[in-house]
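Chain and residue survey
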Amino acid sequence: MEESKDDQVEERTSALSPPPAMGSMQIAGSNGFAHSIEFMSQTYLRNRYSEIDIEDNTTLNLSKDQPLPIFLKFEDVEYKVRNNGQAGGSSMNPVKAVVSKVASQLSLEQDNYKQILKGITGSIGPGEILALMGPSGSGKTTLLNIIGGRLKDNVKGKITYNDIPYNAALRRRVGFVTQDDVLLPQLTVEETLVFAAFLRLPGNMSRQQKYARVETIIKDLGLERCRHTRIGGGFIKGISGGERKRTSIGHEILVDPSLLLLDEPTSGLDSTSANRLLHILQGIAKAGRTIITTIHQPSSRIFHTFDKILLISDGYPVYYGKARDSMDYFASLRFMPEIAMNPAEFMLDLATGQVNDISIPQDIVQYLQGMYKTQLEPKEKEDNHRNKKAPEHLQAAIQVKKEWTSSWLEQFRIIYKRTFKERCRDYFDKLRLVQALGIAVLLGLLWWKSQTATEAQLRDQVIKWFQKKLPHFINSTQSPDSLLCHFADWSDVLHLHILDIIVNIRGSIRVPI
Ligand SMILES: Nc1ncnc2c1ncn2[C@@H]1O[C@H](COP(=O)(O)OP(=O)(O)OP(=O)(O)O)[C@@H](O)[C@H]1O
């Protein structure tokens, strides 16, 4: 069926389109990469209740194609795990789980827990990017997992999304880009996104609409140049690290999440690619999404693109607030870098206590934790409480399940097709075929014209081969068995080679069922 013009127009405005926009800007990269950032209308900005109270609900035009605005608040978030590595109370053994729950309630097991997060407070709204910073092991990923609803056991504190606690419907509004990409190496960028679109977009969308959504994402994320390149990985040559990250992000924003969580999206990228990625994230945020990202050591340019920073040290917050206010805050505590330096680097030094200045307190981290408790936390909590509740229509909307995917049979068909494509490419990889054929020919020559009908004949062949090739090793009077014992290692090697070739040949021609 012909797609109507209206459909096409609707599609163009769907994926990354903002709430009522008032203008757009093109950002061009050095290699021709470009993407557009659309600005939110003043009306929409006025409605951002993280900063300004919402008065006029009617101006928030919640169309089906726009991400639902999510105002996230988290207060006094604490998390602990068992010292044996399990999250408390989540034992696989139900008896053990009950016993440990009872024991912990009776405070018998207090010492068996390790506190990972120790009271984290903050808030973030649509259009904003919150960066979680801190040294390795400080608890950034853990907090991200808790906010994304991936960790629930032994979490204390209050986390609300439009003033509603986490619920099953939210899962479909949250996108999570993990630290390690989970993309299939043999598929191209375009195939990856198309399969994801057919798997994850609602069944009532037409094929054309799904393709159009993929097209918009490829364009918005600057993936045109590599759309037909395989993802790669391991020994397979594929797209670059930056392109991988952008594909992973595309995979998540395909379903138009309102809250996008990213775990170290810039790790392993050079500063230009990292910068480019952050510009894209800014564009995604400006389209009305709430973004939280963990980041290790951002460049100063990247640091200033964040709206808010949460600096964590050993599970305690040491700074929470606007990125641009951070250096003034530390200066007010008499922490100033001796030379001009990247603020992110300076803050990480502080969070690890690595400052060589005798005029500042001995235990910097403890001091900063204390100052946060007295100066920043009360202000943030007060702001959180003073802000009006999210409007009722946003509270209601967040509890409604977003339409999702097609029937399980359709999903099975798509996954089957995807696996078939992936496996075929893997098995029929040119290098793999040449390797398998080469070894097959070699071993074939070795056994050519041999009498191998019975096991005894097979053994004779092996011994004859050794006698011919390695005569100085072999005493011809030795029995075949002792020879075989003598050459146990050789026969093992041969055995393994034969097995290997069988596996390779079978692998090359086998088609997954
Ligand atoms: N299930 C668990 N069992 C035991 N310890 C855990 C568990 N989960 C997290 N931890 C510990 O909690 C601390 C915080 O981990 P997390 O992964 O959140 O740190 P991070 O700040 O994201 O580190 P990185 O920057 O290196 O990714 C670490 O010391 C980690 O070993």
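Where an unreviewed UniProt entry is consulted, the protein chain appears under the name ABC transporter domain-containing protein, with the organism given as Linum tenue. Of the comments in the UniProt record for the protein chain, the one headed Subcellular location (unreviewed entry) reads "Membrane". Per UniProt, the protein chain carries the Sequence similarities (unreviewed entry) text "Belongs to the ABC transporter superfamily. ABCG family. Eye pigment precursor importer (TC 3.A.1.204) subfamily."

Angle between the axes and distance between the axes are the two parameters that describe a pair of packed helices. Contact geometry for helix 5 (residues 189-200) and helix 14 (residues 408-427): axes closest at 9 Å, N-to-C directions at 160°. Considered as vectors, helix 5 and helix 14 are oriented roughly antiparallel to each other. Crossing geometry of helix 5 relative to helix 14 is assigned as left-handed. From helix 5, Glu191, Phe195, Phe198 and Leu199 reach across to helix 14, where they touch Gln411, Ile414, Ile415, Lys417, Arg418, Lys421 and Arg425. Looking at the contact of helix 5 with helix 14 residue by residue, the classes come out as five nonpolar, one polar and five charged.

Scanning the entire structure with this criterion turns up 14 salt bridges. The closest approach of N and O atoms between Glu252 and Arg200, which form a salt bridge, is 3.7 Å. Residue Glu252 is located in helix 7 (residues 241-253), and its partner Arg200 is located in helix 5; the two are separated by 52 residues in the primary sequence. The residues Glu252 and Arg200 share a single accessibility class, namely buried. Across the pair Asp256 and Arg289 runs a salt bridge, and its minimum N-O distance is 2.3 Å. One end of the pair, Asp256, is in the loop between helix 7 and strand 9 (259-263); the other, Arg289, is in the loop between helix 8 (271-286) and strand 10 (290-294), and 33 residues separate them in sequence. For the pair formed by Asp256 and Arg289, the shared burial category is buried.

Reading the values: rules and limits
Residues numbered from 1 in each chain as written. Predicted model: local features only at pLDDT ≥ 70, side-chain atom pairs only at ≥ 80, totals over all residues. Heavy atoms only, no water. UniProt positions renumbered as here; feature names shortened; annotations may be inferred. Axes fitted to C-alpha atoms, helices over the stretch in contact; angles between N-to-C directions. Helix = DSSP H or I, 4+ residues; strand = E, 2+ residues; numbered from the N terminus. Parallel < 35°, antiparallel > 145°, perpendicular 65-115°, else oblique. Left-handed = near helix turned anticlockwise from the far one by under 90°. Contact = heavy atoms within 4.5 Å. Nonpolar A, V, L, I, M, F, W, Y, C, P; charged D, E, K, R; others polar. Salt bridge = Lys/Arg side-chain N within 4 Å of Asp/Glu carboxyl O. Buried < 20%, exposed > 50% of the residue type's maximum accessible area, 1.4 Å probe, protein only.

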